[in-house]
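One-letter residues, chain by chain:
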Amino acid sequence: MMLSMALLNVVAFAAAEAAAPAVVPKPVSLERGTGAFTLDDATRVTFPAGDAAAEAAAAMLGEALRPATGLPLAAGPGSEGANTIHLRTEETGLGPEGYRLEVAGDRALITGAAGPGLFYGVQTLRQLLPAAVFGAARAEGTVWTVPCVRVEDRPRFAWRGMLLDTARHFTPLAFVKKFVDTLALHKMNRLHLHLTDDQGWRIEIKKYPKLTEVGAWRAETLVGHYTKKPRTFDGKRHGGFYTQDEIRDLVAYAAARHVTIMPEIEMPGHAQAAIAAYPELGNVSEPLPVLTYWGVNPNIFNPEESTILFLQDVLAEVADLFPGTYIHIGGDEATKEQWEKSPAVQKRMADLGLEDEDRMQSYFISRMNDFLKGRGKKLVGWDEIMDGGLGADATVMAWRSVDKGITAAKAGHDVVMAPTAFTYFDYYQAPAKGEPLGIGGFLPLKKAYSFDPVPGELDAAAAARVLGAQAQLWSEHIPTPEHCEYMAFPRACALAEIVWTPQAARDYEDFTARLEEHLKRLKNAGVNFRPLDK
């Protein structure tokens, strides 16, 4: 006998009631209760008078929910009560990024020790609502229910990030803000902006205007993969840059969402755009163009005192624009052939008592480290900055392998794990046929999710040096925002869980089951993710 439609609906509702909510990243603890809290026209968002952090989080909550729900969700000072979502700052024992979320049949309460925790509680509450809440237009006919739950949550790592390469292909500011929003939804707190490279300089420097007048524009761009020969080009001028006012606006926008933006100014390699603007920074006499193709390039900064002072001037302006602790100076793939052949560089090495080019680079990096320390900043660089020696206070971003991170941590450096094998999201997600052009490699979702940033070889003291992990979106073959999102998601969802959820609580089958529902949210938010393989 067939069940009636009404009974089928009851069965479906009961199954939904019993299912664990599909929150990504998975919280440390989530207990499912009975029943649900339904939002309506009378629901208020309240916070204690004078609680600035709770007020800011309440404003974000209302801003996020109103477009789809159409509910007023009037926000203002008040106490916890019936038909309220109440946010308050109080000590939770969960750290500044931890939170508690309690939903009963007639109210919800979010508590956190500081603004980040309250904000992350808001992100979890958003995910407990129907997926339609992530749409930009009112979703008529939807009942806005939140299941009764008790959540206690805190992150595993302090550094939970993504790199966005704006140098190879310029990224419009509006998309960077959207990307910040999507990172924040996943409780990620770092956006690493790769602002300079051979193919473009993307940040206004007042003292040196040619960096953007010349360095921000290339004559054309390579078509197809960089290994394909003969090379062909599109014949279209490409470029753009962010003014300092735009940077300030972006930094403030991200900070309101508890995302810290870390700038990267590449040195001594990946420097041709800057050398094209100011030829005296290079090692050759002939003028150079902004590079139009990809790959490791021999044109690097010379290590003369004038060049070091030029780049310190640049870092001074950058440091004033980005209030975060860390500034990234690159340091990767700096081939030394030009230094080896340059009489001027060889004389400088001799004058400084440096026995080889690796130590020349180490001296170059140490000058930048000292300069940044003097401005209250910490230097971060790719793992090549260890070659030739490195001050213990520099932070290493391990990209060539996990082993590089192990070496750095054992040597006493703070480490951000960013190895190609697990975190290079410009790699293909599936066999290349049928996929958008990628740089190569193969990093499917399951492999990305399998990564543990703390290798078993590290003892407790060295393991504590691992600040967290981040994924890289190098943009040689990612020319548009839509392509960027396709490469980032859902692998960034996996990374978010890696850096937030306790290792023992992670399970791939459980993750993908929650991801099915989570991708509905991203679709409603207009994120161009890659669909899951069936």
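Structure: see above.
Residues numbered from 1 in each chain as written. Predicted model: local features only at pLDDT ≥ 70, side-chain atom pairs only at ≥ 80, totals over all residues. Heavy atoms only, no water.

Looking now at the sheet that holds strand S16 (residues 260-267). A barrel is described by the order of its strands in space; here eight strands give the closed sequence S8-S9-S16-S17-S18-S19-S20-S23, paired in parallel fashion. Pairs of neighbouring strands in the sheet enclose a mean axial angle of 30°, with direction left out of account. Bridging between strand S9 (residues 190-194) and S16 involves five bridges; their strand directions are parallel. Looking across to S16, one finds that Arg-190 is bridged to Thr-260. Strands in contact with helix H4 (residues 173-185) are strand S8 (159-165), S9 and strand S23 (466-473); relative to S9, the strand with the most contacts, it is inclined by about 150°. Contacts between helix H17 (residues 491-500) and the sheet are confined to S8 and S23, with S8 contributing the most and set at about 150° to the helix. (Pairing = 2+ DSSP bridges. Helix = DSSP H or I, 4+ residues; strand = E, 2+ residues; numbered from the N terminus. Axes fitted to C-alpha atoms, helices over the stretch in contact; angles between N-to-C directions. Contact = heavy atoms within 4.5 Å.)

Packing of H17 against helix H18 (residues 508-524) leaves a shortest axis separation of 11 Å and a crossing angle of 125°. By the angle between their directions, the pair H17 and H18 is classed as oblique. Crossing of H17 over H18 shows right-handed handedness. Counted together, Cys-493, Ala-494 and Glu-497 of H17 and Phe-511, Arg-514, Leu-515, His-518 and Leu-522 of H18 form the full contact between these two elements. Within the contact of H17 with H18, the residues separate by chemical class into five nonpolar, one polar and two charged. (Parallel < 35°, antiparallel > 145°, perpendicular 65-115°, else oblique. Left-handed = near helix turned anticlockwise from the far one by under 90°. Nonpolar A, V, L, I, M, F, W, Y, C, P; charged D, E, K, R; others polar.)

The residue Asp-198 is located in the loop between strand S10 (196-197) and strand S11 (200-201) in this model. A distance of 3.4 Å separates the side chain of Asp-198 from the side chain of Asn-297, its partner in a polar contact. In contact with Asp-198, not counting residues within four places along its chain, are His-270, Ala-271, Gln-272, Ala-273, Val-290, Leu-291, Gly-295, Asn-297 and Asn-299. (Polar contact = N/O pair within 3.5 Å; in protein donor to acceptor, adjacent residues only side chain to side chain.)

When you tally the buried positions in S16, you get seven out of eight residues, the bulk of the element. Bridge analysis of S16 against strand S17 (residues 326-330) gives two bridges, and the strand direction is parallel. For Met-267, the partnering residue across the bridge sits in S17 and is Gly-330. (Buried < 20%, exposed > 50% of the residue type's maximum accessible area, 1.4 Å probe, protein only.)

Right, let's talk about the packing of aromatic side chains for a bit. One pass over the structure, following the stated rule, counts 17 aromatic pairs. Measuring from ring centre to ring centre gives 5.8 Å for Phe-119 and Tyr-120, while their planes differ by 70°; the resulting arrangement is edge-to-face. Each member of the pair, Phe-119 as well as Tyr-120, is classed as buried. Residues Trp-159 and Tyr-326 carry aromatic rings whose centres are separated by 5.1 Å and whose planes lie at 70° to one another, so their mutual orientation is edge-to-face. Of this pair, Trp-159 sits in strand S8 while Tyr-326 sits in strand S17, and the two are 167 residues apart along the sequence. (Phe/Tyr/Trp six-rings, centres within 6.5 Å; stacked < 30°, edge-to-face > 60°.)

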